[in-house]
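# Summary of the model geometry
Residues per chain are reported as follows:
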Amino acid sequence: MDETTRAGWGLRLWAVLVAVLLVAPLLIVVPISFAEKRSFKFPPEGLSVDWYVNLFTDHRWTSAIGTSILVGVLVTLICTVLGTAAALGIHRIGGRVAGLATAVLVAPMIVPGIVSAVAIYSVYLRWQLTGNLLGFLLAHTVLAIPFVIVTVTSSLSTTDPMLERAAASLGAGPWRTFFRVILPAIAPGVGAGALFAFVTSFDEVVAASFLQSPAIRTLPIEMFVSVTNEVDPTIAAVSTVILALTTAIVLLPALTRRRSGKKASSS
């Protein structure tokens, strides 16, 4: 066995080890979500779906889920529109100004989360935005919009500029050129940015811990409170549901592309 083959097998073994370490906790969380007793004991004694019923009937959990979905959807819409517009402006300006604007807009991705959370909280105390929906929307928008800007900018960098010029030469106005030429070309980047924005908002916990109140609390905060204050296997049920939804979101585009590829090849 030569050195290259040995290195290849070593890399495969390392990848399998990493995969096992990432998947192993799921082999504990999922069975606990079906435990019969209020305990985190593994393996569970008896099976039950009571914790899933509790997840969708307890007001604390349903309110937190509804708040997270509402904030996530609104933040996704805002970030997609503003982030796409910002990426278009940066792409057209170019030069040092574009680099400076990109650095400012993408800074929330680089700054540690706790630093951003403390800064947002200190400003929100003056503006009286803590503990309300508007405060969550503004904070999550600031934290999520860099992902849209990065993905859309990447898509714009691979788009042929001659397409826009050709549309303009044929009499298309700016808006028609954007919706008929530019947007279809950058649609994958816009879609990826929107997905990242939703996930960022839905999963955000640091800033939300400063902005929460008894009246408005997101799902990650409710999960944190449940883990720290009580023994409730509902947290395992929540984790299992999120895992299933995340897996479906990740696999759905791949399955769709595979089916479309099979249809194209058969036709």
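Before going into details, it helps to say that this report is about the structure given with it. (Residues numbered from 1 in each chain as written. Predicted model: local features only at pLDDT ≥ 70, side-chain atom pairs only at ≥ 80, totals over all residues. Heavy atoms only, no water.)

## With respect to the pattern of salt bridges
When their charged atoms lie close together, side chains carrying opposite charge are able to pair. What the rule picks out here adds up to 3 salt bridges. Residue Asp58 is joined to Arg60 by a salt bridge in which the shortest nitrogen-to-oxygen separation is 3.8 Å. The class for Arg60 is partly exposed, based on a relative accessible area of 32%. The salt bridge involving Glu222 is made with Arg217; its shortest N-O contact spans 3.5 Å. Taking relative accessible area as the criterion, Arg217 reaches 25% and is therefore assigned partly exposed. (Salt bridge = Lys/Arg side-chain N within 4 Å of Asp/Glu carboxyl O. Buried < 20%, exposed > 50% of the residue type's maximum accessible area, 1.4 Å probe, protein only.)

## A few points about unusual backbone geometry
Residue Gln128 is not a glycine yet carries a positive backbone phi of 55°. Secondary-structure assignment places Gln128 in the loop between helix H6 (113-127) and helix H7 (133-157). (Helix = DSSP H or I, 4+ residues; strand = E, 2+ residues; numbered from the N terminus.)

## Quick notes on the packing of aromatic side chains
Within the structure shown, the criterion is met by 6 aromatic pairs. Ring plane angle 45° and centroid distance 5.5 Å describe the contact between Tyr121 and Phe210, whose orientation is recorded as tilted. With Tyr121 in helix H6 and Phe210 in helix H10 (residues 206-211), the pair connects residues that are 89 residues apart, well separated along the chain. By relative accessible area, Phe210 is classed as partly exposed at 29%. (Phe/Tyr/Trp six-rings, centres within 6.5 Å; stacked < 30°, edge-to-face > 60°.)

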